[in-house]
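Structural overview for review
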Amino acid sequence: GESVGLHLPTLSVQEGDNSIINCAYSNSASDYFIWYKQESGKGPQFIIDIRSNMDKRQGQRVTVLLNKTVKHLSLQIAATQPGDSAVYLCAERPNFNKFYFGSGTKLNVKP
Amino acid sequence: GAGVSQSPSNKVTEKGKDVELRCDPISGHTALYWYRQSLGQGLEFLIYFQGNSAPDKSGLPSDRFSAERTGGSVSTLTIQRTQQEDSAVYLCASSLGGTGNTIYFGEGSWLTVV
């Protein structure tokens, strides 16, 4: 199957700092990418997406960067808050039927 | 509805029994997905429905797993003769379909096979 992997399985940051979560994807044909936040016991919640014709997209306190040359995706969270503590999942879509997900990065925000 | 609705939220069943998991997608969404998430693992694709097209069943792990979608809306995932390795969270998602459309997830059905 496809492989979407994460460089750092666990990331601890201080409240107020910026967080960067990284993701490597495997399929150069992927044209659409999504970041999800998954809190314990809940389903994944959409954060932000980006298409392959873009290299950066900003949302509220979040920015997604896409580097197609090295097949790398990152999620930047500004001024990280305790409520940001969760597992973050990246997903790639190599065809319109399926999204492939990594195992996730756990973000711990220390007060 | 406002979001993807799944039931039951939790299910404990004995090994060998059959289970049915239900998904009610967001109103108007033509695409529906089932994923499975085992403890500490990523999401594993199971099946995809799009409108009236034949479903993509390529992710179903064995013939004990099946899914149907009636009337282009509600979907049921059935696991026959459950095994302990079937214990996982089963997540349903829906989208408007087509390219570039975000998929939105329900809260999942937590299945434990004892």
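First, a word on what this report is: a plain description of the structure on this page. Worth saying up front: this structure is predicted, and the values here are computed from it rather than measured.

1. Comments concerning the interface of chain B and chain A
- Listed as interface residues are 23 residues of chain B and, on the opposing side, 20 residues of chain A.
- Summing the contributions of chain B and of chain A, the shared interface buries around 1700 Å²; its carbon and sulfur component is 53%.
- Linking chain B to chain A there are one salt bridge.
- The salt bridge partner of aspartate 56 of chain B is lysine 98 of chain A, with a shortest N-O separation of 3.8 Å.

2. Here's the deal with the layout of surface pockets
Residue and element names in this part refer to chain A.
- One number sums up the size of the second largest pocket: a volume of about 160 Å³.
- Contributing to the lining of the second largest pocket are Lys37, Gln45, Phe46, Ile47, Gln60, Arg61, Val62, Ile77, Asp84 and Tyr88.
- A class-by-class count of the residues in the lining of the second largest pocket yields five nonpolar, two polar and three charged.

3. Some thoughts on the pairing of strand β4 (residues 32-38) of chain A
All names here are of chain A.
- For β4, the tally of buried residues reaches seven of seven residues, placing the bulk of the element in the interior.
- Side chains of β4 alternate between two faces, with Tyr32, Ile34, Tyr36 and Gln38 and Phe33, Trp35 and Lys37 buried alike.
- Hairpin connection between β4 and strand β5 (residues 45-51): a loop of six residues separates the two successive antiparallel strands, and glycine 41 in this loop has a positive phi of roughly 80°.
- Relative to strand β9 (residues 86-95), β4 runs antiparallel, the two being bridged by seven bridges. If you follow phenylalanine 33 over to β9, its bridge partner there is glutamate 92.

4. Here we look at the environment of arginine 36 of chain B
- Assignment of secondary structure puts arginine 36 of chain B in strand β4 (residues 31-37).
- Not counting the four nearest positions on each side in its chain, arginine 36 of chain B is found in contact with Gly42, Leu43, Glu44, Leu46, Pro61, Phe65, Glu85, Asp86, Ala88, Val89 and Tyr90 of chain B.

5. A look at the side chain of serine 95 of chain B
Residue and element names in this part refer to chain B.
- Within the fold, serine 95 resides in strand β8 (residues 88-95).
- What makes serine 95 buried here is its relative accessible area of 2%.
- Once residues within four sequence positions are removed from consideration, serine 95 is found in contact with His29, Thr30, Ala31, Tyr33, Asn101, Thr102 and Ile103.

6. Observations concerning the pattern of salt bridges
All names here are of chain A.
- Under the criterion given, the structure shown has seven salt bridges over all chains.
- Among the ionic pairs, aspartate 84 bridges to arginine 61, the shortest N-O distance being 2.9 Å. Here the residue aspartate 84 occupies a position in the loop between β8 (72-77) and β9, and arginine 61 occupies one in the loop between β6 (56-58) and β7 (62-67), the gap between them amounting to 23 residues.
- Taking the relative accessible area as the measure of exposure, aspartate 84 reaches 7% and is therefore buried.
- Judged by its relative accessible area of 31%, arginine 61 falls in the partly exposed class.

7. Quick look at the side chain of serine 19 of chain A
All names here are of chain A.
- As for its position among the elements, serine 19 is in strand β3 (residues 19-25).
- Within the structure, the side chain of serine 19 is placed 2.7 Å from the side chain of threonine 80, a separation counted as a polar contact.
- Those residues in contact with serine 19 that lie beyond four places of it in its chain are Leu11, Val13, Leu75, Gln76, Ile77, Thr80 and Leu107.

Parameters at a glance
- Residues numbered from 1 in each chain as written.
- Chains lettered and ligands numbered in written order.
- Predicted model: local features only at pLDDT ≥ 70, side-chain atom pairs only at ≥ 80, totals over all residues.
- Heavy atoms only, no water.
- Contact = heavy atoms within 4.5 Å.
- Buried area = accessible area lost by both parts, 1.4 Å probe.
- Salt bridge = Lys/Arg side-chain N within 4 Å of Asp/Glu carboxyl O.
- 1 Å grid on protein atoms, 1.4 Å probe; cavity = no way out; pocket = protein on both sides within 12 Å on 5 of 7 lines; lining within 4 Å.
- Points joined across faces, edges and corners; volume = space filled by probe spheres on them.
- Nonpolar A, V, L, I, M, F, W, Y, C, P; charged D, E, K, R; others polar.
- Buried < 20%, exposed > 50% of the residue type's maximum accessible area, 1.4 Å probe, protein only.
- Helix = DSSP H or I, 4+ residues; strand = E, 2+ residues; numbered from the N terminus.
- Pairing = 2+ DSSP bridges.
- Polar contact = N/O pair within 3.5 Å; in protein donor to acceptor, adjacent residues only side chain to side chain.

Geometry only, nothing functional implied.
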